[in-house]
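# Descriptive analysis of the structure
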Amino acid sequence: MMLLMLLYNCWSITSICVISWFSIPSLAKPTVFSTVGEPWPMPMQRTVSDITYNVSPETFCFNHDGVNCDLLQQAFQRYYNIIFYGTIEAPSQEALDAYPLKGDGEKQQINSLIVTMTTCPEYPSDNSNEEYSLTVHEDTSNLESESIWGVLRGLETFSQLIYIAKDGRLTINATDIVDRPRFPYRGLLLDTSRHFLDVSSLLKNLDAMAYSKLNVFHFHIVDNPSFPYQSSTFPNLSQQGAYSPNHVYTQDDIDRIIEYARVRGIRVIPEFDTPGHTESWHGIQNLLVPCYTDNVPNGLFGPVDPTEESTYMFLTELYKEIKNKFPDGFIHLGGDEVKHTCWASNPRIVSFMEAQGFNNNFTKLEGYYDERITQLADQVGLDYIVWQEVIDIGAKVPQKTIALVWKDADGGYVDELAKVTAKGHRAILSSPWYLNRVKDPHTDPWKKYYKVDPQNFPGTKDQKKLVIGGEACMWGEYVDDTNVIPRTWPMASVIAERLWSPKDLRDPKAAASRLAEHKCRLVWRGLQAQSITGPGFCPQEWNSREHDKY
Ligand SMILES: *[C@@H]1O[C@H](CO)[C@@H](O)[C@H](O)[C@H]1NC(C)=O
Ligand SMILES: *[C@@H]1O[C@H](CO)[C@@H](O)[C@H](O)[C@H]1NC(C)=O
Ligand SMILES: *[C@@H]1O[C@H](CO)[C@@H](O)[C@H](O)[C@H]1NC(C)=O
């Protein structure tokens, strides 16, 4: 007999805020009708029956059998709140009075979900096991997974299966699911250099990621315009490089972001892009190359100086700090869009080139730099991802270097994926998924994003296996706290389904109704997810007063 421990003592509340569905047939005409109780992303295998059960906050409990840990307990609490309230706050008395619980009470109830797992690592990683199986039946409902990461994905699915039926009651259909992601790397890039994003915006995005089973937050934390990362080793970097003393991420902020991500099974990979994209790194003396005009310094500064040993000493210390601060163990080293004109104008760089025998070929100098920084990262024990240029220019970097493919959106990435994987590197695809380029979901529709397949390029089976996933990018030129959520969501969810669900699930028409439901789900959970499927409605529309939990 299983030993069940009641982990989570359910709160005694007498009723719940329910939403009344149309009682009179409506003649309104949305473009897409939402589904009810359909998951997003779609699981690998699912069987649903017409048998339904009620789920009641008065009786329902999450239980666990065997291994327990803080991540599990926190997840039980989060999902209890999500399922029964939609927001953290309990419904008001007015709401309870306006929508009393109704229904005949004859349906069977599901009173517990028993969660079984065998491992609970402290942090998610590049080999997190996210597979789970979920069964919902009258006698027992079970969620089983080897690890907590699969449990988190399964709890998300379970919460999505529960819907408000026409009788106004929380309902779930009898269901059997076996699920695991198609790709292990399912990322979202946010850019906090071009516009600073408040920590609360980053946390909201982490919630939205968890709701769509994305599992890597690519934190593009610094770039040319500003350096908001407050380094403990080099405080000058943000002192001189942040937009203002308010536009910084303190060490505590970083811890908070990492912890919020951890409990949701999301990795945080910071990017410290060099040698280009470093105009804000003025806080370190002699790091950036002075540019010359007619053999005289012209007051401008170019990319990082690859010729000075002090550069590599500084980077070693910075990488050590990152290794200690970000538990994921991966860093994105950058390496994109390196302009050679400033290097070429500087007499000291030119004589270094001659001494090295680079024959006035600045691509060789760039490759030399890339090789040096991958060695430094190896020395401090960091794994790394780079933008595709590092591979394109033929830098002799280790085989384990992962290439993030970003060029170009109009299909050039097909050849690039073939090229990078032919060289034996693992690849992540982002080119077709630059969400900041979406001007209007109608003129640049989500269907295009949905149809992309990261393994659709000419190559062998082994090459296809080297594609570990993809990433939605939200670059920050015109994106700040006011619009980051609606511009990112639910568009990033579209890519999330492409990266999680089976390859043959490809029909946007069939997905549209589920996507409409998922958008409403995000709204109900407190996120301003915009409409991307055209005219339509949510059972519960956005109401800022009810969504103050962040
Ligand atoms: C769930 O059950 C209801 C009621 O029997 C049925 O109408 C609905 O189609 C079922 N849902 C799914 C996804 O099959
Ligand atoms: C930090 O900046 C100050 C003021 O510009 C400078 O005097 C100091 O040397 C800098 N420290 C480092 C480590 O670069
Ligand atoms: C410059 O060097 C790169 C990398 O070694 C090489 O691929 C390229 O052909 C060289 N360019 C010229 C003009 O020699």
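Note that the coordinates shown come from a computational prediction; the quantities given were computed from them, not determined experimentally.

### Comments concerning the overall build of the protein chain
Per the secondary structure count, the protein chain includes 17 helices and 17 strands. Within the protein chain, the proportion of its 550 residues that are buried is 56%. Restricting the contact set of the protein chain to residue pairs at least 6 apart, pairs at least 24 apart contribute 76%. Split by element, the accessible area of the protein chain, about 23000 Å² in all, is 51% carbon and sulfur.

### Observations concerning the side chain of arginine 78
Here arginine 78 shows up in helix H1 (residues 70-85). A polar side-chain atom of arginine 78 sits 3.1 Å from the main-chain carbonyl oxygen of valine 263. In this structure, arginine 78 is in contact with Leu152, Val263 and Arg264, ignoring residues within four places of it in sequence.

### Comments concerning the sheet that holds strand E8 (residues 185-191)
Strand order in this closed barrel of eight strands is E8-E9-E10-E13-E14-E15-E16-E17, and the pairing throughout is parallel. Sheet twist, expressed as the mean angle between neighbouring strand axes with direction ignored, is 30 degrees. Where E8 meets strand E9 (residues 216-220), five bridges bridge the pair, whose relative direction is parallel. Its bridge partner being in E9, leucine 188 is matched across the sheet by phenylalanine 217. Along the sheet, helix H7 (residues 309-325) makes contact with strand E10 (267-274) and strand E13 (330-334), crossing E10 at roughly 170 degrees.

### Some remarks on helix H12 (residues 413-422)
By the burial criterion, the buried members of H12 are Tyr413, Glu416, Leu417, Ala418, Val420 and Thr421. Buried residues along H12 sit against helix H11 (389-392), strand E15 (402-405), strand E16 (427-429), helix H14 (461-465) and strand E17 (467-474).

### What to know about the state of the cysteines
On inspection of all chains with the given rule, the structure shows three disulfides. Covalently, cysteine 291 is tied to cysteine 342 through a disulfide, its sulfur atoms 2.1 Å apart. What sets the handedness of the cysteine 291 and cysteine 342 disulfide is the S-S torsion sign, and at about -105 degrees it is left-handed. Within this pair, whereas cysteine 291 is found in strand E11 (residues 288-293), its partner cysteine 342 is found in helix H8 (residues 341-345), the two being separated by 51 residues in sequence.

### A closer look at the environment of glutamate 144
Examined against the element boundaries, glutamate 144 turns out to sit in strand E5 (residues 141-144). According to the relative accessible area criterion, glutamate 144 is partly exposed, its value standing at 42%. Sequence-wise, glutamate 144 and valine 115 are 29 residues apart; in three dimensions their C-alpha atoms are separated by 5.9 Å. The contact partners of glutamate 144, leaving out residues within four places of it in the chain, are Thr116, Glu131, Tyr132 and Ser133.

### With respect to the site of ligand 1
Neighbouring ligand 1 are Glu38, Val48, Ser49, Asp50, Thr52, Tyr163 and Asn173. Measuring from an oxygen atom of ligand 1, one finds a backbone N or O atom of aspartate 50 at 2.7 Å. With the chains in place, 54% of the 360 Å² that ligand 1 exposes on its own is no longer accessible. With four residues, the single largest contributor to the shell around ligand 1 is strand E1 (residues 45-54). Along the lines of polarity and charge, the residues of the shell around ligand 1 split into two nonpolar, three polar and two charged.

### Focus on the nonpolar core
Membership of the largest hydrophobic core comes to 146 residues, with the highest contact counts inside it found for Phe62, Phe158, Phe217, Tyr249, Phe272, Tyr319 and Trp489. When residues in this core are grouped by element, the largest group, ten residues, is from H1. Each of domain 1 (40-180) and domain 2 (185-524) contributes no fewer than three residues to this core. In this structure phenylalanine 272 touches Ile221, Val222, Phe227, Tyr229, Trp281, Leu318, Ile322, Ile331, His332 and Leu333, once residues within four positions along its chain are discounted.

### Re the pattern of salt bridges
For the coordinates displayed, the defined rule picks out 28 salt bridges. We note a salt bridge from glutamate 309 to arginine 372, for which the minimum N-O separation is 2.8 Å. In this pair, glutamate 309 sits in helix H7 while arginine 372 sits in helix H10 (residues 362-380), placing the two residues 63 residues apart along the sequence. The network of salt bridges with shared partners includes Arg182, Asp453, Lys503 and Arg506.

### Examining the pairing of strand E7 (residues 170-179)
Burial analysis of E7 places eight of its ten residues in the buried class, the great majority of the element. Strand direction decides the pairing type here: E1 and E7, joined by seven bridges, are antiparallel. What sits directly across from arginine 46, in E7, is isoleucine 177. Strand direction decides the pairing type here: strand E6 (residues 163-164) and E7, joined by two bridges, are antiparallel. By the bridge assignment for E7, isoleucine 164 is matched with leucine 170. Where E6 folds back onto E7 in an antiparallel hairpin, the turn is made up of five residues, including glycine 168, whose phi is positive at roughly 85 degrees.

Rules and cut-offs
- Every chain is numbered independently, its residues counted from 1 as its sequence is written.
- Here every chain gets a letter starting at A, and every ligand a number starting at 1, in the order they are written.
- Under the rules for a predicted model, residues below a pLDDT of 70 receive no local features and side-chain atom pairs below 80 are neither given nor counted, while totals for whole chains, interfaces and linings still include all residues.
- Note that the side-chain values use all heavy atoms of the structure and ignore hydrogens as well as water.
- By definition, any uninterrupted DSSP run of H or I lasting at least four residues is a helix, any uninterrupted run of E lasting at least two residues is a strand, and each is numbered from the N terminus.
- The buried label goes to any residue with under 20% of its type's maximum accessible area, the exposed label to any with over 50%, and the partly exposed label to all in between, with areas taken from a 1.4 Å probe on protein chains only.
- The contact definition used throughout considers only heavy atoms, calling two residues in contact when any of these lie within 4.5 Å.
- Here the accessible surface of atoms and residues is derived via Shrake-Rupley with a 1.4 Å probe, and residues count as covered only by protein chains that are part of the display.
- Polar contact is defined as a pair of N or O atoms within 3.5 Å, subject to the rule that within protein one atom must be able to donate a hydrogen and the other to accept it, and that residues adjacent in sequence are counted only when both atoms are side-chain atoms.
- Strand pairing requires that DSSP identify at least two bridges connecting the strands.
- For helices, the axis comes from a line fit to the C-alpha atoms of the stretch in contact; other axes are also lines fit to C-alpha atoms, and the angle between any two N-to-C directions lies between 0 and 180 degrees.
- Two cysteine sulfurs form a disulfide in these notes if their separation is within 2.5 Å.
- In this text, near means that some heavy atom of the residue lies within 4 Å of the molecule or strand in question.
- The residue classification treats Ala, Val, Leu, Ile, Met, Phe, Trp, Tyr, Cys and Pro as nonpolar and Asp, Glu, Lys and Arg as charged. All others, Gly included, are polar.
- Remark: nonpolar core denotes a set of buried residues (Ala, Val, Leu, Ile, Met, Phe, Trp, Tyr, Cys) joined through side-chain atoms within 4.5 Å.
- How far each domain reaches was decided by an automatic or database domain assignment.
- Here, a salt bridge means any Lys or Arg side-chain nitrogen found within 4 Å of an Asp or Glu carboxyl oxygen.

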